[in-house]
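A look at the structure
The residues making up each chain are set out below.
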Amino acid sequence: MEIWDTYDRNRVITADKMIRGEAFDNGQLHMIVHLCLFDSNERMLIQQRQADKAGWADMWDISVGGSALSGETSQAAIKRETKEELGIEIDFEEVRPHLTINYDHGFDDIYIIHKNIAIEDLSLQEEEVQAAKWATKDEILDMISKGYFIPYFPNFIELLFESRNQYGIISRDVEQS
């Protein structure tokens, strides 16, 4: 059972908690985190969700994603999710989300990191991830158009690829902790 902190519209944590799957009360928001992991060949690591996963089963998605658990900061949540889903540890303590997207029931902090890692060095979370691979922007857009990838707006995928070059993100390799 996942327990989430709730936030107000100004991203201030409230005293309320909620259990994953419960209906949101009016104005109740929660935090989601995503990681886009890019390599030096300008490819994004993508993962395929398990066939029995609730929501977007068998679909390909960006590198890592999940909900922050109660008590977690954004950085702690993305560190945990990255370790759980891919089996790699990255220190996010000094890393800020590159983008935050607001949506009806919360906000989604999106981290963009450059790290060269071999697929065979990943340890995929069996319950959630069935496969991972590196993909170019055009390959991802093609997968979206064919219905194999979560149907993000193509402009969003393009923004992620363009953003990888901002603020020196692509120029440094993040150290594993």
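Preceding block: the structure.
First, a word on scope: everything that follows refers to the structure included in this document. Quick caveat, the model's predicted, so the values are computed rather than measured.

By secondary structure assignment, the location of Ser-63 is in the loop between strand 5 (60-61) and strand 6 (64-67). Residues contacting Ser-63, with those up to four places away along its chain left out, are Leu-35, Cys-36, Leu-37, Met-44, Leu-45, Ile-46, Gln-47, Glu-85 and Leu-86.

Another point: the environment of Ser-163. Positionally, Ser-163 belongs in helix 3 (residues 154-163). Classification of Ser-163 as buried rests on a relative accessible area of 5%. Distance from Ser-163 to Leu-99, taken between C-alpha atoms, is 9.1 Å for residues 64 residues apart in sequence. From its side chain, Ser-163 meets the backbone oxygen of Leu-159 in a polar contact 2.7 Å long.

With that settled, consider unusual backbone geometry. Even without a glycine there, the phi angle at Glu-42 is positive, about 60 degrees. Among the structural elements, Glu-42 can be located in the loop between strand 3 (30-38) and strand 4 (44-49). A relative accessible area of 47% means that Glu-42 is categorised as partly exposed. Of note in the backbone geometry, Asp-58 takes a positive phi value of approximately 65 degrees without being a glycine. The topology assignment puts Asp-58 in the loop between strand 4 and strand 5. Relative accessible area serves as the criterion here: at 38%, Asp-58 is assigned to the partly exposed category.

Next up on the list: the pairing of strand 8 (residues 106-114). Across the nine residues that make up strand 8, a large majority, nine, are buried. Where strand 7 (residues 99-103) meets strand 8, five bridges bridge the pair, whose relative direction is antiparallel. Note that in strand 8 the partner of Tyr-103 across the bridge is Gly-106. If you look at the hairpin formed by strand 7 and strand 8, you'll find two residues sitting between the two strands.

About the cut-offs
Residues numbered from 1 in each chain as written. Predicted model: local features only at pLDDT ≥ 70, side-chain atom pairs only at ≥ 80, totals over all residues. Heavy atoms only, no water. Helix = DSSP H or I, 4+ residues; strand = E, 2+ residues; numbered from the N terminus. Contact = heavy atoms within 4.5 Å. Buried < 20%, exposed > 50% of the residue type's maximum accessible area, 1.4 Å probe, protein only. Polar contact = N/O pair within 3.5 Å; in protein donor to acceptor, adjacent residues only side chain to side chain. Pairing = 2+ DSSP bridges.

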